[in-house]
Number of protein chains: 2
Amino acid sequence: MTIIADHHVRGSWTEQAGAAVQLPPKALAWLNERVGETVPSAPIRSDAEVPGSLLTEAAAVELAGVVGERYVLRAPADRLARTGGLSYLDLLSRRLPGELPAPDAVVLPADPDEVQAVLEVCVRHDVGVVPFGGGTSVVGGVRALRGGKPAVIVLDLARLDRLVSVDPESRIAVLQAGVRAPHAEELLAEHGFTLGHVPQSFERATIGGFAATRSAGQASSGYGRFEDMVAGVRLATPAGPWRLGVAPASAAGPDLRQLAVGSEGTLGVITEVALRVRPRPVVERYHGYVLDGWERAQDVVRELAQNRILADVTRLSDEDETDGSLRLSGGWKAAVVRRYLRRRGVARPCLLVLGWHGGSPREIALRRVAVLRVLRRARAVSLGRAAGESWRHGRFAGPRQRDALLDHGICVETLETATTWSRLGELRAAVRSALAGALGDPLVLCHISHAYETGASLYFTVLTARDATDPVGQWQRAKEAACAAISSGSDRPLGTISHHHAVGTDHAPYLAAEIGELGMRVLAGAKDAVDPTGILNPGKLITR
Amino acid sequence: MTIIADHHVRGSWTEQAGAAVQLPPKALAWLNERVGETVPSAPIRSDAEVPGSLLTEAAAVELAGVVGERYVLRAPADRLARTGGLSYLDLLSRRLPGELPAPDAVVLPADPDEVQAVLEVCVRHDVGVVPFGGGTSVVGGVRALRGGKPAVIVLDLARLDRLVSVDPESRIAVLQAGVRAPHAEELLAEHGFTLGHVPQSFERATIGGFAATRSAGQASSGYGRFEDMVAGVRLATPAGPWRLGVAPASAAGPDLRQLAVGSEGTLGVITEVALRVRPRPVVERYHGYVLDGWERAQDVVRELAQNRILADVTRLSDEDETDGSLRLSGGWKAAVVRRYLRRRGVARPCLLVLGWHGGSPREIALRRVAVLRVLRRARAVSLGRAAGESWRHGRFAGPRQRDALLDHGICVETLETATTWSRLGELRAAVRSALAGALGDPLVLCHISHAYETGASLYFTVLTARDATDPVGQWQRAKEAACAAISSGSDRPLGTISHHHAVGTDHAPYLAAEIGELGMRVLAGAKDAVDPTGILNPGKLITR
């Protein structure tokens with residue numbers, strides 16, 4: 001475990017989580033043709049300015065008394081290493097001149113008791129606390145805001161990295177909040193189990209972060225959203241420790257686990273999560289299909305969801321994403337695929353990737369029967385297992401590819417929402433039109449990656465030439481237009497402001513439209529009970 | 001629609017919901033042999049004393065201004081008709097001498113707007129409000145407590161009985177809170193849909209009540225618990241109207257729907273619920289099996305749950321319930337079944353009822369394959385479809401049979417809990433031992449009716465000879481002992497204080513052990529936001 005992160009760890013995804021992904025020259029050429037000429041970006045700065053620490057010596061001494069001196073970090077490099085998340089604007093800020101907002105100190109407690117004791121020190125000194133896991137927020141969730149407090153620390157949970165217990169009979173494992181997803185899978189694999197939670201942030205994100213943000217992984221159709229896995233949760237709060245979760249289901253009042261989950265560090269620091277686990281799959285099988293036209297393709301996913309026969313991974317790209325992905329992958333294969341589909345009479349190809357996990361090939365074959373019946377009726381064209389495996393192989397590459405695109409001068413960002421099936425078409429059109437209005441003629445790729453009986457998510461990837469003079473304002477205007485489109489609607493918003501990225505700072509202005517002013521007051525009332533002085537993640541989610 | 005309920009509607013289940021169920025003489029003889037001689041009860045009183053109404057004339061006039069004079073009922077008979085629920089002690093109180101607690105008036109609003117306006121009147125006059133649906137609470141949830149207020153009204157939602165809308169594409173139907181379950185099924189059937197929510201209270205309970213109490217139906221393994229069906233909810237609160245629910249899933253902060261659901265009328269009056277519906281099944285197939293010994297039988301249900309191949313109805317009775325049910329059904333068949341099982345070498349028969357709903361016999365046959373494999377390995381003995389159909393036929397009879405048992409002088413009540421699989425044996429033993437300690441040698445029947453990957457529910461039926469001198473104290477002591485056993489445990493309770501009956505007054509003392517003192521304060525904080533003067537269901541769930 002590296003506890004003193006190197007200066008640049010937050011500068012890009014690449015440096016920590018694997019090799020950089022270069023774009024093939026052909027892909028770049030196509031992109032430039034599509035979005036216009038770009039001006040290559042400045043590289044990530046190595047000489048970032050960090051503001052001085054405002055943490056008082058008295059507070060620092062008390063914090064050191066809890067966690068030990070070596071776990072209270074005040075050097076600029078350490079503070080910079082936990083500055084903000086990984087949104088496009090976060091990445092951009094590390095290339096542009098100007099001071100980077102940074103916490104006044106980084107504190108690394110060893111266990112839940114130390115987390116509790118740190119909060120008590122922070123209450124006494126009125127210091128804000130930003131819980132920090134993998135730092136992969138793309139909505140400003142881990143931005144170290146002081147929110148009116150004289151100082152703010154980042155509470156880095158990296159040392160809470162243990163598997164606490166496994167109950168194989170109940171299939172529940174208790175993991176500490178700082179365990180990163182790949183490490184969680186390693187720890188569980190020793191007992192034959194898996195979480196099956198594989199969001200795109202998998203390589204870096206943590207158990208606590210998943211719970212705090214209601215994460216949803218690529219295999220959510222099979223394994224559920226993260227909150228579906230949460231059997232119990234342990235929190236440290238300024239008002240004292242708090243444990244929730246006794247039974248798989250209960251009628252003992254409202255489900256407060258569902259209040260803790262998604263609270264984004266504002267109602268307590270999640271220190272341990274009891275999670276439903278499943279046996280590790282023996283076989284995984286991925287397959288690619290193509291459907292003709294978004295409407296028909298969407299109907300197929302709806303039928304699978306409503307018949308409750310979704311594959312564990314079910315992912316449908318629209319025409320633009322299908323075409324864009326093929327072209328961005330470069331190579332000769334893309335052209336061959338396009339020709340093949342033309343010959344099969346597919347005018348508007350939409351790629352459907354299905355992935356099954358199972359205990360035996362036979363089990364998967366049985367599950368596929370009902371799905372193949374639906375696909376045949378919809379005249380799906382099979383691209384075979386290679387297309388499925390190709391998606392699986394590259395499924396964590398997105399965040400890494402972004403660095404290459406930024407280098408090249410591309411504005412690239414994602415956003416996501418969800419709604420009921422009957423409003424999905426309207427929602428997709430509204431977001432596309434808002435992005436087009438703000439960005440001219442951007443490339444907008446869209447897919448459904450999470451489907452339910454009553455609706456589905458929409459995930460958009462936006463690419464355009466970066467505005468050389470006002471790159472920040474360029475994206476801010478686009479994001480605001482998209483959020484306004486999502487939040488529009490006569491009696492209720494067209495879609496949720498976030499299906500799995502959470503609220504953070506970026507979505508905060510739109511939350512009241514979704515849960516009502518009354519909902520905002522209810523959250524504030526809950527916060528009064530657990531965090532009366534408001535030290536937890538100041539300026540996020542809950543406003544008072 | 002009968003809006004002026006007759007005097008006796010609350011006296012027993014029978015009078016409203018169907019014919020009385022008489023016990024066969026042989027069954028009664030066996031019961032007496034088992035629990036001892038009983039003294040027949042006094043019949044339900046027809047001359048109940050009702051306290052005078054404390055509602056001021058000024059408040060009554062304003063309420064009449066909102067709903068119309070004929071929908072503000074102050075006659076003793078009307079108030080008595082909405083007095084309390086249907087627990088054993090509720091039923092007993094209608095047979096014993098003494099004043100019955102009754103609301104000071106009954107108000108019947110026509111729609112959500114009138115509900116909102118009624119609340120505003122009640123805030124002005126500081127009048128408590130008890131939302132009332134089917135009145136089937138068995139935990140004191142609809143007891144009209146004044147809780148420090150000068151007066152309390154029952155808000156009878158019987159007139160909110162409409163299907164508001166159906167979205168067939170998204171499979172969502174919006175139902176008003178006062179729609180009773182059978183009526184909901186009729187309304188949905190016109191559109192080809194069903195909720196599939198069939199708790200034992202089905203004949204009388206309402207949509208609003210299901211949501212307010214986190215109800216779970218007999219087919220919860222297939223259709224989910226009621227909260228799983230809730231796509232959205234509309235509430236009236238003293239702080240204003242409140243709507244929740246935009247998308248099937250969201251990361252826009254905590255899921256406040258899950259705070260409204262289970263709030264038992266303390267955080268708002270639920271006026272409409274948007275519900276996930278499914279196509280009505282074309283085929284239903286029920287089947288009875290017998291397994292030898294509770295431990296093995298429980299393992300079978302666990303395996304089905306963890307392999308995610310549960311039948312839509314999955315219900316496992318323990319040895320005592322299997323034997324007791326056979327004997328209480330009387331007739332010659334019971335003896336034949338016992339003989340048949342003895343011949344097959346089943347020493348400790350546990351009845352497993354499985355029920356499948358589907359679109360075709362083939363679909364059900366396919367689903368059964370995997371289940372039958374598990375059953376064969378566990379040496380299950382099939383009792384055929386007749387045994388399954390027999391359970392289905394009698395599945396709503398329990399509440400009705402209770403009246404006959406009460407007549408006969410039997411103390412009969414149910415209680416339920418849930419926990420993780422690894423603690424289920426300990427929980428069952430603890431509850432049985434607590435009941436035996438309090439009641440001598442009662443007949444305790446137990447079944448699992450709701451199974452999950454990580455655990456299951458336990459439902460107990462207790463029968464004993466009624467104590468002739470202190471029948472109320474007899475059951476109170478038994479209930480307290482059972483609740484104490486459920487709430488015991490070193491770091492967390494052994495089980496949840498309620499899996500699907502809710503908290504009401506009876507479980508209130510045990511809630512803090514489950515959600516923590518901090519959880520109690522969080523609920524109080526939420527209530528401050530929506531009901532600052534505390535008029536909603538005073539004295540229930542949330543204490544301040």
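Residues numbered from 1 in each chain as written. Chains lettered and ligands numbered in written order. Predicted model: local features only at pLDDT ≥ 70, side-chain atom pairs only at ≥ 80, totals over all residues. Heavy atoms only, no water.

(A) The arrangement of the sheet that holds strand β3 (residues 127–132) of chain B in detail. Judged by pairing direction, the sheet is mixed, and its four strands sit side by side in the order β1-β2-β4-β3 (chain B) without closing on themselves. Looking at which strands have only one partner, the edges of the open sheet turn out to be β1 (72–73) and β3 of chain B. (Pairing = 2+ DSSP bridges. Helix = DSSP H or I, 4+ residues; strand = E, 2+ residues; numbered from the N terminus.)

(B) How the structure looks around the UniProt feature "domain: FAD-binding PCMH-type" (unreviewed entry) in chain A. The sites that carry the UniProt feature "domain: FAD-binding PCMH-type" (unreviewed entry) are, in the present numbering, residues 99–280 of chain A. Spanning residues 99–280 of chain A, this segment combines 23% helix with 27% strand, and its end C-alpha atoms are found 46 Å apart. (UniProt positions renumbered as here; feature names shortened; annotations may be inferred.)

(C) Expanded view of the nonpolar core. Core analysis: the largest hydrophobic core is formed by 236 residues, its most contacted members being A:Leu175, A:Ile207, B:Leu175 and B:Ile207. Looking at which element gives the most residues to this core, the answer is helix α20 (residues 508–530) of chain B, with twelve residues. With sequence-adjacent residues up to four places away left out, B:Leu175 is seen in contact with B:Arg162, B:Leu163, B:Ala184, B:Leu187, B:Leu188, B:Leu195, B:Ile207, B:Thr271, B:Glu272, B:Val273 and B:Leu275. (Core = buried A, V, L, I, M, F, W, Y, C linked by side-chain atoms within 4.5 Å. Buried < 20%, exposed > 50% of the residue type's maximum accessible area, 1.4 Å probe, protein only. Contact = heavy atoms within 4.5 Å.)

(D) Quick peek at the relation of the copies chain B and chain A. Least-squares fitting of chain B to chain A yields an RMSD of 0.0 Å, with the superposition described by an axial translation of 0.0 Å and a rotation of 180°. Each copy turns onto its partner about a two-fold axis. For chain B, the residue whose C-alpha comes nearest the rotation axis is B:Gly525, separated from it by 2.1 Å. When you check the interface residues of chain B against chain A, 100% turn up at the interface there too, and the contact is symmetric in its surfaces. (Least-squares fit on C-alpha atoms with pLDDT ≥ 70 in both.)

(E) Seen up close, the interface of chain B and chain A. Across the contact, 78 residues belong to chain B and 78 residues belong to chain A. For the pairing of chain B and chain A, the buried interface totals around 6000 Å² over both sides, and the portion due to carbon and sulfur atoms is 60%. Applying the counting rule to chain B against chain A returns four salt bridges. Of the charged contacts in the structure, one is a salt bridge between B:Glu453 and A:Arg278, with a shortest N-O distance of 2.8 Å. Counting the contacts that link chain B with chain A gives 32 residue pairs in polar contact (both at pLDDT 80 or more). Listed by contribution, the elements that provide at least two residues to the side of chain B that touches chain A are β9 (240–244), α11 (257–260), α12 (294–306), α15 (361–377), β16 (410–420), α18 (421–439), β18 (455–465) and α20 of chain B. Per-element tally for the side of chain B that touches chain A: the top contributor is α20(B), with twelve residues. Taken together, the residues of the side of chain B that touches chain A sort by class into 32 nonpolar, 26 polar and 20 charged. (Buried area = accessible area lost by both parts, 1.4 Å probe. Salt bridge = Lys/Arg side-chain N within 4 Å of Asp/Glu carboxyl O. Polar contact = N/O pair within 3.5 Å; in protein donor to acceptor, adjacent residues only side chain to side chain. Nonpolar A, V, L, I, M, F, W, Y, C, P; charged D, E, K, R; others polar.)

(F) The packing of aromatic side chains, seen in detail. Residues and elements named next belong to chain A. Counted by the stated rule, this structure contains four aromatic pairs over all chains. Judged by centre distance (6.0 Å) and plane angle (35°), the ring pair of Tyr286 and Trp391 falls under tilted. Here Trp391 lies in helix α16 (residues 384–393) and Tyr286 lies in strand β12 (residues 283–292), a separation of 105 residues in the sequence. A relative accessible area of 16% places Trp391 in the buried class. Over the ring of Tyr71 we find Arg159; its NZ or CZ atom is 3.4 Å from the centre of that ring. (Phe/Tyr/Trp six-rings, centres within 6.5 Å; stacked < 30°, edge-to-face > 60°. Lys NZ or Arg CZ within 6 Å of the ring centre and 35° of its normal.)

(G) Broad picture of helix α3 (residues 57–67) of chain A. All names here are of chain A. Buried residues of α3: Ala59, Ala60, Leu63, Ala64 and Val67, and no others. One face of α3 carries all of its buried residues, which in axial projection span an arc of 135°. Away from the buried face of α3 by more than 90 degrees, exposed residues Val61 and Gly65 are located. Among the structural elements, β1 (72–73), β2 (105–107), α6 (112–125) and β4 (151–156) are those in contact with the buried residues of α3. At the C-terminal side of α3, Gly68 shows a positive phi close to 95°. (Arc of directions from axis to C-beta.)

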